[in-house]
Amino acid sequence: MKVRIRDFIETTEGLYFAVNTYSHPKDRFFAFLRYVPYEYIDFEIPINNIRKIDGRKYVKIADTSLAYKFLEKKFPKYLFYDEVNSVLMHSIPKEDIKRILKPKERLNEIVNEDQDLNELEKKCRKLAIILEDYGVSLKNMGVSGSLLLKLNNENSDIDFVIYGKENHKKARESLKQAFEDKKLTPLSEDFWKIAYQKRIKDGTLTYEEFVFYEKRKYNRGLVDGTMFDLLFTREWNEINEEYGDKKYNNLGFIEIEGKILNDDYAFDNPATYRVECYTNPDIKEVVSFTHTYAGQCFKGEEFIARGKLEEVIEGNNRYLRLVVGTTREAFNEFIKLKI
């Protein structure tokens, strides 16, 4: 079995987990709980969180703390204390895996299906064809999220995946051109407000700041009125780290200033920035585990960031990194330009 981020794993009980890292222990995969069969739910949930496929109802779990509480109560076997990262993780032992769902395979199915596509699938297909017209190869695309699982509803967005850092850069350049050619549409004010409410829970970015950063990323847009993200996933030959190669020690929360030296994987998960840190020269990188701060700064720009300081141990080498997004909501954590 091989997995990478944007893949989903279905367990034998019907739970769906989103793979969220490239390196895993030999006996299990790290992935975060996303969808739960309705029959396991014993708490109140919004009606628009209920999805159905093949007669079975599912509930989307978007809240980090709720996902942990649910697993602790119902399926503690899917919680695993990762001593390498010193954190409690969601993980699936390999013997509990029913199937692995791949974004590339699902997009190929959508693009090559001649009939019976639902409205969201039609829009996804249109997006793929437009990007292909601008030079992005279909073989480097996929679709994740609810469309991958066939659990999309009328409120669903399109989690569109681009494989490889050069291909993702090309896709963002293509999106900018598609906006200018009016083949695709930038987000309207209403959509930015929805995105802001979804992403920022504590005011660490004002609405104006959030929109400023998002607009210059060129990784979001509208296809026939539906929002999509251009998500990055490494090609297999770009994945070069094995589980356990690095170990991490938590050193507490700090705020730093510095300059971006390399942004090749700024849209990855985690988004990774090689940096020169003005406040502590031992800090060599800033990483973000929340999508909000992917692509937030680019090479040559000066930044301010707040998050968890970690010591990274790699063989005989040691350095420091700052982690932003220790939870999905990234409370009191951020990356901003130094102005």
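Residues numbered from 1 in each chain as written. Predicted model: local features only at pLDDT ≥ 70, side-chain atom pairs only at ≥ 80, totals over all residues. Heavy atoms only, no water.

Draft legend 1. Focus on the pattern of salt bridges. A complete count under the given rule lists 29 salt bridges for this structure. Across the salt bridge formed by Arg106 and Glu121, the nearest N and O atoms sit 2.6 Å from each other. In this pair, Arg106 sits in helix 2 (residues 103-112) while Glu121 sits in helix 3 (residues 119-133), placing the two residues 15 residues apart along the sequence. Given the relative accessible area of 6%, Arg106 is considered buried. By relative accessible area, Glu121 is classed as buried at 9%. A salt bridge links Glu209 to Lys336, with the nearest nitrogen and oxygen atoms 3.6 Å apart. Here Lys336 lies in strand 18 (residues 334-337) and Glu209 lies in helix 7 (residues 207-215), a separation of 127 residues in the sequence. (Salt bridge = Lys/Arg side-chain N within 4 Å of Asp/Glu carboxyl O. Helix = DSSP H or I, 4+ residues; strand = E, 2+ residues; numbered from the N terminus. Buried < 20%, exposed > 50% of the residue type's maximum accessible area, 1.4 Å probe, protein only.)

Draft legend 2. Local environment of helix 2. Taken as a whole, helix 2 has its buried residues at Pro103, Arg106, Leu107, Ile110 and Val111. Buried residues in helix 2, looked at end-on, bunch into an arc of 130°, giving them a common side. Seen from the buried face of helix 2, the exposed residues on the opposite side, beyond 90 degrees, are Glu105 and Asn112. As for helix 2, its buried residues are in contact with strand 8 (97-101), helix 3, strand 9 (141-144), helix 4 (145-149) and strand 10 (158-163). (Arc of directions from axis to C-beta. Contact = heavy atoms within 4.5 Å.)

Draft legend 3. Structural view of the nonpolar core. Formed by 40 residues in total, the largest nonpolar core has its most connected members in Phe210, Ile256, Tyr273, Val286, Tyr293, Phe303 and Ile335. Within the second largest apolar cluster, 27 residues are counted, among which are Leu138, Ile158, Leu175 and Phe179. (Core = buried A, V, L, I, M, F, W, Y, C linked by side-chain atoms within 4.5 Å.)

Draft legend 4. A look at the packing of helix 6 (residues 189-199) against helix 7. Running from N to C, helix 6 and helix 7 cross one another at 105°; their axes reach a closest spacing of 10 Å. Considered as vectors, helix 6 and helix 7 are oriented roughly perpendicular to each other. Of helix 7, the residues touching helix 6 (which contributes Glu189, Trp192, Lys193, Ala195, Tyr196 and Arg199) are Tyr207, Phe210, Val211, Glu214 and Lys215. Class assignment of the residues belonging to the contact of helix 6 with helix 7 gives a composition of 6 nonpolar, no polar and 5 charged. (Axes fitted to C-alpha atoms, helices over the stretch in contact; angles between N-to-C directions. Parallel < 35°, antiparallel > 145°, perpendicular 65-115°, else oblique. Nonpolar A, V, L, I, M, F, W, Y, C, P; charged D, E, K, R; others polar.)

Draft legend 5. View of the packing of aromatic side chains. Counted according to the given criterion, the structure contains 15 aromatic pairs. Residues Phe17 and Tyr78 carry aromatic rings whose centres are separated by 5.5 Å and whose planes lie at 65° to one another, so their mutual orientation is edge-to-face. With Phe17 in strand 2 (residues 16-19) and Tyr78 in the loop between helix 1 (64-74) and strand 6 (79-82), the pair connects residues that are 61 residues apart, well separated along the chain. Between Trp192 and Phe210, the ring centres sit 6.4 Å apart and the planes meet at 80°, which makes this aromatic pair edge-to-face. In this pair, Trp192 is assigned in helix 6 and Phe210 in helix 7, connecting sequence segments 18 residues apart. Judged by relative accessible area, Trp192 falls into the buried class, the value being 5%. (Phe/Tyr/Trp six-rings, centres within 6.5 Å; stacked < 30°, edge-to-face > 60°.)

Draft legend 6. Broad picture of the pairing of strand 4 (residues 50-53). Residue alternation in strand 4 divides its side chains into a buried set, Arg51 and Ile53, and an unburied set, Ile50 and Lys52. Bridging between strand 4 and strand 5 (residues 56-60) involves 4 bridges; their strand directions are antiparallel. Bridging from a neighbouring strand, Arg51 pairs with Tyr58 of strand 5. Connecting strand 4 to the antiparallel partner strand 5 that follows it, the hairpin turn spans 2 residues, and Asp54 within it adopts a positive phi of roughly 50°. (Pairing = 2+ DSSP bridges.)

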